[in-house]
Amino acid sequence: MKKWLEKIQIFKDKFDVWESTKWAKGLRISSGVLWNLCLLFMVGLLTLGVFGVSVGAGYFASLVKEEPLRDKEEMRSAVLNYEETSEVYFDGDIYLGKLRTDLERTETKLSEVSPYVIDAVLATEDEYFEVHNGIVPKAIFRGLLQDVSNSDTQTGGSTLTQQLIKNQVLTNEVSYERKAKEILLAMRLEHFMNKDEILESYLNIIPYGRNSNGRNIAGIETAANGIFNIKAKDLTLPQAAYIAGIPQAPFAYTPFRQGGEIKEGEALQLGIERMRTVLFRMNETGYITDEEYNNAVSYDITKDFREPETLPEDKYPWLTTEIENRVKEILRDKFAEADSIDPARLDKEEKLYEKYNILAQRSISTDGYRIHTTINKDMYLAMLKVRDEFEYYGHTFQKEVKDEDSGEIVLKDFPVQVGGMLIENGTGKILSFLGGRDHKLDKVNYSTQGIRPIGSTIKPLLVYAPAIEYGVIGAGSPVVDVKLDNLSSTTWAKSPSNYTTAQELGIISAREALTTSQNLSTIRLYDLIMDRKPTDFLIKMGFESIGEAEYANHALSIGGMTKGATLEENTNAFGTFGNNGQFIDAYMIEKIEDVDGNLIYQHEVEAVPVFSAATSYIITDMLRDVLSKGTAKLANSRLKFQSDFGAKTGTTQNHNDSWLVGYNPNISLGVWLGYGDDTQTLYYMNNRYNHPSVRVNMFWSNMMNAMYDVNPELVDASTNFTAPEGVVTRSFCGISGLAVSDACSQAGLVKSDLFNATVLLPTAKDDSLISSSYVEINGNRYRALDNTPGEFVVSGGYGVNEDFIKRMLGKFGGNASKLFPTKSAFGGNVVSEEVFNADGSPPATVTATMTNGTMTWSKSTSGDVVGYRVYEVGNGQRTLISSKKEAAGNSLPINRAGQFIAVAVDITGMESGSSNIVSIEEAEPPEPVVPPTAPEENEENPVIPPTIDPTVPPVEENPVTPPVEEGPSSPGEGGG
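A quick note: this is a predicted structure, and the numbers were derived from the prediction, not measured.

Conventions adopted
- Residues numbered from 1 in each chain as written.
- Predicted model: local features only at pLDDT ≥ 70, side-chain atom pairs only at ≥ 80, totals over all residues.
- Heavy atoms only, no water.
- Helix = DSSP H or I, 4+ residues; strand = E, 2+ residues; numbered from the N terminus.
- Buried < 20%, exposed > 50% of the residue type's maximum accessible area, 1.4 Å probe, protein only.
- Contact = heavy atoms within 4.5 Å.
- Phe/Tyr/Trp six-rings, centres within 6.5 Å; stacked < 30°, edge-to-face > 60°.
- Pairing = 2+ DSSP bridges.
- Patch = residues over 30% accessible without salt bridge, like charges linked within 9 Å, V, L, I, M, F, W, Y side chains within 5 Å.
- Areas by Shrake-Rupley, 256 points an atom, 1.4 Å probe, with all protein chains shown as cover.
- Salt bridge = Lys/Arg side-chain N within 4 Å of Asp/Glu carboxyl O.
- Lys, Arg positive; Asp, Glu negative; His and termini not counted.
- Charge placed at Lys NZ, Arg CZ, Asp CG, Glu CD.
- Axes fitted to C-alpha atoms, helices over the stretch in contact; angles between N-to-C directions.
- Parallel < 35°, antiparallel > 145°, perpendicular 65-115°, else oblique.
- Nonpolar A, V, L, I, M, F, W, Y, C, P; charged D, E, K, R; others polar.
- pLDDT = per-residue confidence, 0-100.
- Core = buried A, V, L, I, M, F, W, Y, C linked by side-chain atoms within 4.5 Å.

Draft legend 1. Region of interest: the environment of Tyr-202. Topologically, Tyr-202 is positioned in helix H8 (residues 195–205). Owing to a relative accessible area of 0%, Tyr-202 belongs among the buried residues under this scheme. For the pair formed by Tyr-202 and Gly-219, sequence separation is 17 residues and the distance between their alpha carbons is 8.0 Å. Dropping the residues within four chain positions of it, Tyr-202 is found in contact with Val-121, Glu-125, Leu-160, Gln-163, Leu-164 and Pro-247.

And the structure:
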């Protein structure tokens, strides 16, 4: 030790000698200055560092100062609030598909996810997930440095927790403020949720590009199904690696394009290369072995991709749209009620409607409802098949229109459109419907959205059933089918008419008027009840487009409507008759459940009394005749089964619309044909496609047969309509509707039919008939005058008194002689007692011809001719051969030689001038004719009788044509 101390002392002495030199002194001063400068720099750097940290902390604080301090429940609720797609089901819980949405997602549990997915996500997205507290500082600083330096390499610095906050709590906005909030909330979330909850939430919310039908998708379960058509728990290593790599650039790495087609070439290779990167990271971090890596990285992932899929809105466009609209309406009202707002206000206040409509639409898209409908899948598919196979729609028009995409002028087809609606009467369930022909050409749903005039289908709903309910008529009560003279109380410029414009059937029964769909009698009957406002019945039955004052329009009674009704409304209304007068509103949404299976909506059936059971049965019995012998006879003849149906057809002005609605105790089926452009007529090219009423008859029967094939027990009701209490059959005088009198009985005018005993029975005796003699002029009967030649008078008939005529013609008046035309059901020998006013001049002369012993003459142009006389002339004299009533025709066989003339005779007995002379010459005696000898029959010469060729069908002498709807009346009004 001493020696070591001596050596140190010697070294020190030498150092002191060296230090005392000049250059050592200079070095000492320089090093001291340098040391002091270093100390000063270090102090300054430390000061700047503290300042920088303080500024950074202050800046960070300023960035997050607006962020509220969220509590545990609020944070968890925000993170766990997944946007999930709503699903739709046919009746019977048969899956239909998902509703349209910007993002499709299905929630799943972490335990239902393949371990390969979890490993791939952690290896690629957050290798420190298990140990960090929400953030990785070095990753944040690395990302910040890359951002500040504008580096080409951007490695990112977000943990799974941060990504969860960004997607569920914040936005995708690129800013330091959002990043600061993300960091703060990520650290806070780690205190409120464990690692498994965070990972599960991440896997349920992260976007994965597009699926095989082109929809945007999020969540691992949706990605597994949409890309590989398997569940998340069944994903293999290559599949898991592919999906785990997508979130970094979802639309670059997804294998599908926007339309659902699989990408090709370099576009597809991007996703495959990303999959290999994920596999490399899994191998690098020890999640998979080298062998697993090599097998997976060489795997052809393209063979696992799901084939492009047809979307429900593409396969069932009208159905999915209709369901979405109805669910939106239900939720709209529920949300308004939750805010203590009367849903009725939404129809009146546009801004309020828009607010709750947006909320409802957003809820459908994000809240993952399970929507159960009433639509029977098999019936719906059967309707589509009938639609596609029907060959008699009519002509397809073409028009030049501007293409929405290209802006170019192109030819577009405008075919006949169609609607169909099948409703279960007792519940109101819409079992199936038909929206149209081609959704790409026309997206309007002609069953639920197409508001059109309903033609004569309105007659039983607005006129005949109310008239029975009011006690104005029974089923067989007389109505007047005569043209209107006085139009002062109507909006018609000229008198309306029946479908056949010249037709006037006179007095007919209400049953016949409805069966053959007569317009004139319907208008007159409606006038008798119009002041009671029978449109109230329509409103009770769900017609929403009937104006408050529209009841005062006489044309409404034959279908002349300001707006009209939908096929759903019209079909639903006829179901009222099938329900004994109780209206049950049709519906399509059975129930709605939330994602947890909680019931948030359940439809409740509510019956609304409209008509009495007696009235409903009577009108049904009348509508049976429409099928058996009326305007729907063709449809009935084509049914493959027999059921107790009532039905009504309808045709609007110019055949722009054609309707048929039929019902039995179980179901109601309505169909409609027409163009989307309601000014186009179905009558165009009528000879090629059949009459519009024939077409609609055929389509209805085809549709009903198809529904029967699907569910015969439902469609072919096992029971018939039965008469309820109050329905009675009574006899009455057919021309007046009053109780039978002796004169009525003697005239053979007694009729029997159904009455609603609670409101109307024929009790007052008929007093309308008097004895009468009459003549016929142009098919009408008039009282004979005193100077009318007796040979043209029909004696022993019955006339009606003036009070009866006035009562029957009412305020509209009309030609009284038309009350009992020759072909009237009450024709017989009844005359209206109308006096014909002759013109006071001799009738116009006729022209005669003689052919093969039959003399024929032209009809006199005078309007008061009651008959014709034929005279033989010669030697300045004429001899009466025969007299013929005007109605008996204009010809007479004559079997002798001579010269003859014809004259016309008017109601006053005045004759016309003589016609030209026609002759029959004396025939020369014929030479005797020797009959040929008939061959003698023997074995060599048998007499063979004529044979009938069995291959040749017999000729039908009187072919029956299908009934044609008695429809439109005058321009601008409804009919048929």
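Draft legend 2. Region of the structure containing the packing of aromatic side chains. Across all of its chains, the model carries 28 aromatic pairs by this definition. Both rings, one in Tyr-393 and one in Phe-699, keep their centres 6.0 Å apart while their planes meet at 50 degrees; by these two values the pair is tilted. Of this pair, Tyr-393 sits in the loop between helix H17 (377–389) and strand E7 (397–402) while Phe-699 sits in helix H26 (residues 692–710), and the two are 306 residues apart along the sequence. The exposure classification of Tyr-393 matches that of Phe-699, with both residues buried. Both rings, one in Phe-574 and one in Tyr-663, keep their centres 6.4 Å apart while their planes meet at 45 degrees; by these two values the pair is tilted. On the criterion of sequence distance, the pair formed by Phe-574 in helix H22 (residues 567–578) and Tyr-663 in strand E18 (residues 657–663) is long-range, its members being 89 residues apart.

Draft legend 3. Geometry of helix H6 (residues 160–168). For H6, the tally of buried residues reaches seven of nine residues, placing the bulk of the element in the interior. For H6, the set of buried residues is Leu-160, Thr-161, Gln-162, Gln-163, Leu-164, Ile-165 and Gln-168.

Draft legend 4. Region of the structure containing the pairing of strand E14 (residues 589–593). Counted residue by residue, E14 has four buried out of five residues, so it is predominantly covered. Both E14 and strand E15 (residues 599–602) contribute to a ladder of three bridges, which runs antiparallel. Looking at E15, one finds that Ile-592 is bridged to Tyr-601. If you look at the hairpin formed by E14 and E15, you'll find five residues sitting between the two strands, and Gly-597 has a positive phi there, around 85 degrees.

Draft legend 5. A look at a negative patch on the surface. A cluster of like negative charges, contributed by Glu-329, Asp-347, Glu-544 and Asp-585, occupies part of the molecular surface. Looking at where Asp-585 falls in the secondary structure, it is placed in the loop between strand E13 (582–584) and E14.

Draft legend 6. Geometry of the packing of helix H4 (residues 115–125) against helix H12 (residues 265–284). The N-to-C vectors of H4 and H12 enclose an angle of 90 degrees; their axes lie 8 Å apart at closest approach. As far as their axial angle goes, H12 and H4 are roughly perpendicular. Every residue of H12 that contacts H4 at Tyr-116, Asp-119, Ala-120, Ala-123, Thr-124 and Glu-125 is listed here: Arg-274, Val-278, Arg-281 and Met-282. In terms of residue class, the contact of H4 with H12 is made up of five nonpolar, one polar and four charged.

Draft legend 7. Inspection of the sheet that holds E14 at higher detail. With mixed pairing, the five strands of this open sheet are ordered in space as E2-E1-E6-E14-E15. Pairing within the sheet leaves two strands with one partner each, and these edge strands are strand E2 (94–98) and E15. Neighbour-to-neighbour, the strand axes of the sheet open up by a mean angle of 20 degrees, direction not taken into account. Inspection of the sheet shows strand E6 (residues 370–373) paired to E14 by four bridges, in the antiparallel sense. Following the sheet pairing, Ile-371 is matched in E14 by Ile-592. In the packing of helix H15 (residues 317–338) onto the sheet, the strands contacted are strand E1 (87–90), E2, E6, E14 and E15, and the crossing angle to E14 comes to about 65 degrees.

Draft legend 8. View of helix H20 (residues 519–529). Of all 11 residues in H20, 10 are buried; the element is thus mostly enclosed. Of all the residues in H20, the buried ones are Asn-519, Leu-520, Ser-521, Thr-522, Ile-523, Arg-524, Leu-525, Tyr-526, Asp-527 and Ile-529.

Draft legend 9. Just the side chain of His-554, in detail. Here His-554 shows up in the loop between helix H21 (535–540) and H22. Classification of His-554 as buried rests on a relative accessible area of 2%. In this structure His-554 touches Ser-489, Thr-490, Trp-492, Ile-523, Tyr-526, Asp-527, Met-530 and Phe-812, once residues within four positions along its chain are discounted.

Draft legend 10. Looking closely at unusual backbone geometry. Even without glycine at this site, Asp-93 takes up a positive phi of about 60 degrees. With respect to the helices and strands, the residue Asp-93 is situated in the loop between E1 and E2. Its relative accessible area of 52% is what places Asp-93 among the exposed residues. Positioned with a positive phi, Ser-340 is a non-glycine residue whose angle comes to about 60 degrees.

Draft legend 11. Quick peek at the confidence of the model for the chain. For the chain, per-residue confidence averages 85 on the pLDDT scale, and 85% of positions sit at 70 or higher. Throughout residues 933–974 the model reports pLDDT below 50, and contacts reaching past four residues in sequence, or to other chains, amount to 74 contacts.

Draft legend 12. Spotlight on the nonpolar core. Counting residues in hydrophobic clusters, the biggest one holds 114 residues, and the most contacted among them are Leu-319, Tyr-464 and Met-541. Looking at this core element by element, the count peaks at nine residues for H26. Ignoring sequence-local partners within four residues, the contact set of Met-541 consists of Leu-461, Ala-573, Thr-576, Phe-583, Val-610 and Phe-611. Residues Ile-183, Tyr-208, Tyr-242 and Tyr-293 belong to the second largest nonpolar core, which totals 57 residues.

Draft legend 13. Main features of the pattern of salt bridges. Tallying each qualifying case throughout the model produces 31 salt bridges. Close ionic contact of Glu-273 with Arg-276 constitutes a salt bridge, the shortest N to O distance being 2.8 Å. Of this pair, Glu-273 and Arg-276 are both found in helix H12, three residues apart, which corresponds to roughly one turn of the helix. With relative accessibility at 38%, the residue Glu-273 sits in the partly exposed group. On the accessibility criterion, Arg-276 (29% relative accessible area) is partly exposed. Between Lys-818 and Glu-504 there is a salt bridge whose closest N-O contact spans 3.9 Å. Taken together, the positions of Lys-818 in the loop between helix H29 (802–809) and strand E25 (830–831) and Glu-504 in the loop between strand E11 (478–481) and strand E12 (506–509) put the pair 314 residues apart, joining distant regions of the chain. Here the residues in one salt-bridge network are Arg-511, Asp-621, Arg-624, Asp-625, Asp-644 and Asp-753, joined through shared partners.

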